[in-house]
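Listed here are the chains, written in short residue letters.
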Amino acid sequence: MIETILTHYNYWVFAFLLTIGLYAMMTKNNLMKKLIGMNIFQWAIILFFISIGAKRGAQIPIVGGGQGGDIAISAADYINPLPHVLMLTAIVVGVATTGISLALLVAIYKRYNTIEEDEIIKRLRQ
Amino acid sequence: MVEHLPVLMVVTPLTFSFIVNVAGMWKRWLCFPLVFIPMMACTFFAFAILLKVTTAGEIRYHLGGWPPPWGIEYCIDHFSALVLLGVAVISLLVSIYAYSSFKKEVDGYRSPQLYALFLLQTTGLFGITATADLFNLYVLLEIASFSAYAIIAMGERGADFAAFRYVIFGTIGACAYLLATGYIYILTGSLNMTDVAQRLPRLYSSRALLVGFTFFLLGAGIKMGIFPLHSWLPDAYTLAPSAVSTLLAPLFSKVGGYVIIRIMFTVFDSSFSIDVFPVTDLLGLIGGIGVIVACVMAVAQTDLKRMLCYVIVAEMGYVVIGIASANRLGLTGAILHIINDMFMMACLFAAAGAIFYQMGTKEISRLSCLHRQMPVTSAVFVLGALSVIGVPPLCGFFSKWYLLLGAIKSGQWILIAVLLISSLIYAIIFFRVIEYAYLKRRVNHMRPGKSGQHPFQLDKVPISMLVPMILLALGIIILGIFSGTIVTDIIEFALPSSISG
């Protein structure tokens, strides 16, 4: 049991970060803290994808000069590049989300002079 | 040319969204033609695709010539061709409608950005429908969502806060979808839907697959706004500019419904979604409760647009009920309802936007005597309302009929009761508006006339808003008349072959 926890620690970190992010998004009253929670949530998933591509004792997936072509390549020697490439796109998506929500936060702050959720709701009800 | 149509559907609006942004800053009048032309082209492409699919079967397009499972593949079968055409036609009509609506509601200097976001939105929706790659679907879903966040925030007071809440919810949904894609990738080593579908049946007993499937449903459920996950929807769509809610409200949720059906019956096959992991029972429960709760919430609203937003949540519940019946008839109903509901909701939201344009109000109680001031708009609204209630010659009746047949066949009597009761509540919801618009005399302070009766006149709404509304209303009638043809010629082939009954 302890061994599975220790050898898969990255997945435990992933689950832990995911929970922290979800908790922050659900309970925090300050919109900036919600945004930070959202970022933690997204980066947790990126950690998960990076973990599934990694292998112990494997090298980067570039076939050296003169080796390419005819010779057989053992896939176990190389880490899986695909999840990492996917995560490049996901990081871009994450940056765009952060950008949009920061822009929205600036607009909200300019209009209501606060980023506390309950105060904004109070002002909207007036 | 013909074989490149699937990718042209996505690339055309994407390219023009950049062009319109730059050209619009230079000369503002260029915005409208630069949105109208790509939308026109996409509608034409979608027609061509539907014709080709119905005659020659599904179209597969390999991006960059890389064959799947290595490259990204766009696959258009009968189901996606039908949804593509619906999305294309409605976004074309809304792009015309948006011209005057945006002019009135949004500052002029913002219009290039607004139109660019409009095109990005359609790019995302077309892409989601066309793609056959799980990760590509995630990216396109996010493109559609981002443009939705930004475009909603340009609305009236409080829209920025509603948009922020939408960002939080939408990101949870997208991340759940991404996580599900990760689980599927670990198990199968592939992201292509066809390839994954071939590899999955051997893994149906895996517990990791159950987790992945649950995350899929969660992600798509948030994006489409089904009942317990809908709390972002009413605020966001109510406060957005009218033309934006006319585009987003009918299309985004329906495309979410498309994603759920695609994943449940193409990526996973029906033996998993119905037998191994009986998610249809749960969906039936959620759909049933969702329809009733959303209907009751809609009755309680005083704001016309917010009321329509709750009707959308209820309509998505109908799609879920269709899936939950888990037989051919119910699924036919769900697919037909996706198409019909696009037109019905676009029609109702367009009418609500036109009412806001002329009367400057969204309060139902201030619509008294509307039919004398806006006869065409009121007629369009009544037509849409009757279709949602389910009056026979209109299209809403036929999809509800198939949903009922499906529920009867699966023996889920509670769902039948839900379908019938919700139709009654719909009647209450819409006849309340119709009563104000047609039967109430104007007695308020605005125009103290002799009898309080307003002089009869034609709508003061510009023609560019009236024509799309009338066309949408005609679309409802045409879809109703030809629903038999749509079912036998298109939906019959769109159903998964593995599903029984």
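Look a little higher up for the structure.
Residues numbered from 1 in each chain as written. Chains lettered and ligands numbered in written order. Predicted model: local features only at pLDDT ≥ 70, side-chain atom pairs only at ≥ 80, totals over all residues. Heavy atoms only, no water.

Enquirer: Where do I start with the interface of chain A and chain B in this structure?
Expert: One frequently used descriptor of interface size is the decrease in accessible area upon assembly of the parts. The interface is formed by 38 residues belonging to chain A together with 28 residues belonging to chain B. Summing both sides of the interface, chain A and chain B together bury roughly 2,800 Å²; the carbon and sulfur share of this comes to 83%. It is Val93(A), Ile100(A) and Leu104(A) that lose the most area in chain A upon contact with chain B, and together they represent 17% of the buried surface on that side. At the surface where chain A touches chain B, the tally comes to one salt bridge. Salt-bridge contacts for Arg111(A) lead to Asp160(B); the nearest nitrogen and oxygen are separated by 3.8 Å. Where chain A touches chain B, the interface holds four residue pairs in polar contact (both at pLDDT 80 or more). (Contact = heavy atoms within 4.5 Å. Buried area = accessible area lost by both parts, 1.4 Å probe. Salt bridge = Lys/Arg side-chain N within 4 Å of Asp/Glu carboxyl O. Polar contact = N/O pair within 3.5 Å; in protein donor to acceptor, adjacent residues only side chain to side chain.)

Enquirer: Help me understand the packing of helix α4 (residues 111-130) of chain B against helix α5 (residues 134-152) of chain B in this model?
Expert: Any two packed helices are characterised by how steeply their axes cross, that is the angle between the axes, and by the distance between the axes. Residue and element names in this part refer to chain B. Taken N-terminus to C-terminus, the directions of α4 and α5 make an angle of 150°; their axes are 8 Å apart at the nearest point. Comparing the axis directions of α4 and α5 gives the class roughly antiparallel. Between α4 and α5 lies a crossing whose hand is left-handed. Here α4 contributes Leu114, Leu117, Phe118, Leu120, Gln121, Thr123, Gly124, Leu125, Gly127 and Ile128 to the contact with α5, which in turn contributes Leu137, Leu140, Leu141, Ile143, Ala144, Ser147, Ala148, Ala150 and Ile151. Counted by class, the contact of α4 with α5 contains 14 nonpolar, five polar and no charged residues. (Axes fitted to C-alpha atoms, helices over the stretch in contact; angles between N-to-C directions. Helix = DSSP H or I, 4+ residues; strand = E, 2+ residues; numbered from the N terminus. Parallel < 35°, antiparallel > 145°, perpendicular 65-115°, else oblique. Left-handed = near helix turned anticlockwise from the far one by under 90°. Nonpolar A, V, L, I, M, F, W, Y, C, P; charged D, E, K, R; others polar.)

Enquirer: Quick question: what am I supposed to make of helix α20 (residues 483-494) of chain B here?
Expert: Because each turn of an α-helix spans 3.6 residues, side chains separated by three or four positions in sequence point in the same direction. All names here are of chain B. Buried within α20 are the following residues: Ser483, Ile486, Val487, Ile490, Ile491 and Ala494. Taken around the axis of α20, the buried residues stretch over an arc of 130°, which confines them to a single face. Structurally, α20 contributes buried residues whose contacts are with α2 (31-56), α3 (78-105), α14 (328-359), α17 (395-410) and α19 (463-481). (Buried < 20%, exposed > 50% of the residue type's maximum accessible area, 1.4 Å probe, protein only. Arc of directions from axis to C-beta.)

Enquirer: Help me out: how do you make sense of the environment of Tyr112(A) in this one?
Expert: Tracing the backbone through its elements, the reader meets Tyr112(A) in helix α4 (residues 81-112). The exposure class assigned to Tyr112(A) is buried, which follows from its relative accessible area of 4%. Separated by eleven residues in sequence, Tyr112(A) and Arg123(A) have C-alpha atoms that sit 7.6 Å apart. The contacts of Tyr112(A), once residues within four sequence positions are left out, are Ile120(A), Arg123(A), Leu124(A), Gly158(B) and Asp160(B). Within polar-contact distance, the side chain of Tyr112(A) engages the backbone nitrogen of Gly158(B) at 3.4 Å. In terms of polar contacts, Tyr112(A) uses its side chain to reach the side chain of Asp160(B), at 3.4 Å.

The quantities given are spatial measurements derived from coordinates; they are silent on function.
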